[in-house]
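# Structure at a glance
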Amino acid sequence: MTTPTKVAALLGPGDHIGYEGQWRTVKTTKTDIGAMGGLFVVVAWEEGGADRFRAGDELLVSEPDSA
């Protein structure tokens, strides 16, 4: 069985992401450019706070009922 993942650039509101040992829900996303020109995705969480990921980072995802 493979673990479901999603590339950070494809995240959207309502996605459930396993991050830092807990499940978090994506509230909003926006893109950002890093100091060296790389593309990043800034994710605001329903639970509060925000984090920044490289656009190509793969993140663990879950269906709402299994989180």
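Everything below is about the structure shown above.
Residues numbered from 1 in each chain as written. Predicted model: local features only at pLDDT ≥ 70, side-chain atom pairs only at ≥ 80, totals over all residues. Heavy atoms only, no water.

The next thing to look at is the sheet that holds strand β5 (residues 50–54). Strand order in the open sheet made by the six strands is β1-β6-β2-β3-β4-β5, with antiparallel pairing throughout. What marks the edges here is a single partner per strand, and that holds for β1 (5–7) and β5. Taking the axes of each pair of neighbouring strands and ignoring which way they run, one obtains an average angle of 50 degrees across the sheet. (Pairing = 2+ DSSP bridges. Helix = DSSP H or I, 4+ residues; strand = E, 2+ residues; numbered from the N terminus. Axes fitted to C-alpha atoms, helices over the stretch in contact; angles between N-to-C directions.)

The subject of this paragraph is unusual backbone geometry. Backbone geometry follows two general trends: most residues other than glycine have a negative phi, and most peptide bonds adopt the trans configuration. Residue Glu20 is not a glycine yet carries a positive backbone phi of 55 degrees. Topologically, Glu20 is positioned in the loop between β2 (16–19) and β3 (22–33). Since its relative accessible area comes to 57%, Glu20 is described here as exposed. (Buried < 20%, exposed > 50% of the residue type's maximum accessible area, 1.4 Å probe, protein only.)

Here we take up the packing of aromatic side chains. Per the stated rule, a full pass over the model turns up three aromatic pairs. With a centroid separation of 5.1 Å and an interplanar angle of 75 degrees, the aromatic rings of Tyr19 and Phe53 are classed as edge-to-face. In this pair, Tyr19 sits in strand β2 while Phe53 sits in strand β5, placing the two residues 34 residues apart along the sequence. Owing to a relative accessible area of 19%, Tyr19 belongs among the buried residues under this scheme. On the basis of relative accessibility, which here comes to 5%, the residue Phe53 falls in the buried class. Their ring planes at 85 degrees and their centres at 6.4 Å tell us that Trp45 and Phe53 sit as a pair that is edge-to-face. Considered together, Trp45 and Phe53 belong to a single accessibility category, that of buried residues. Among the aromatic side chains, those forming a connected cluster through ring pairs are Tyr19, Trp45 and Phe53. (Phe/Tyr/Trp six-rings, centres within 6.5 Å; stacked < 30°, edge-to-face > 60°.)

This paragraph deals with the side chain of Thr25. Structurally, the position occupied by Thr25 is in strand β3. Thr25 gets classed as buried once you look at its relative accessible area, which sits at 16%. A distance of 3.1 Å separates the side chain of Thr25 from the side chain of His16, its partner in a polar contact. (Polar contact = N/O pair within 3.5 Å; in protein donor to acceptor, adjacent residues only side chain to side chain.)

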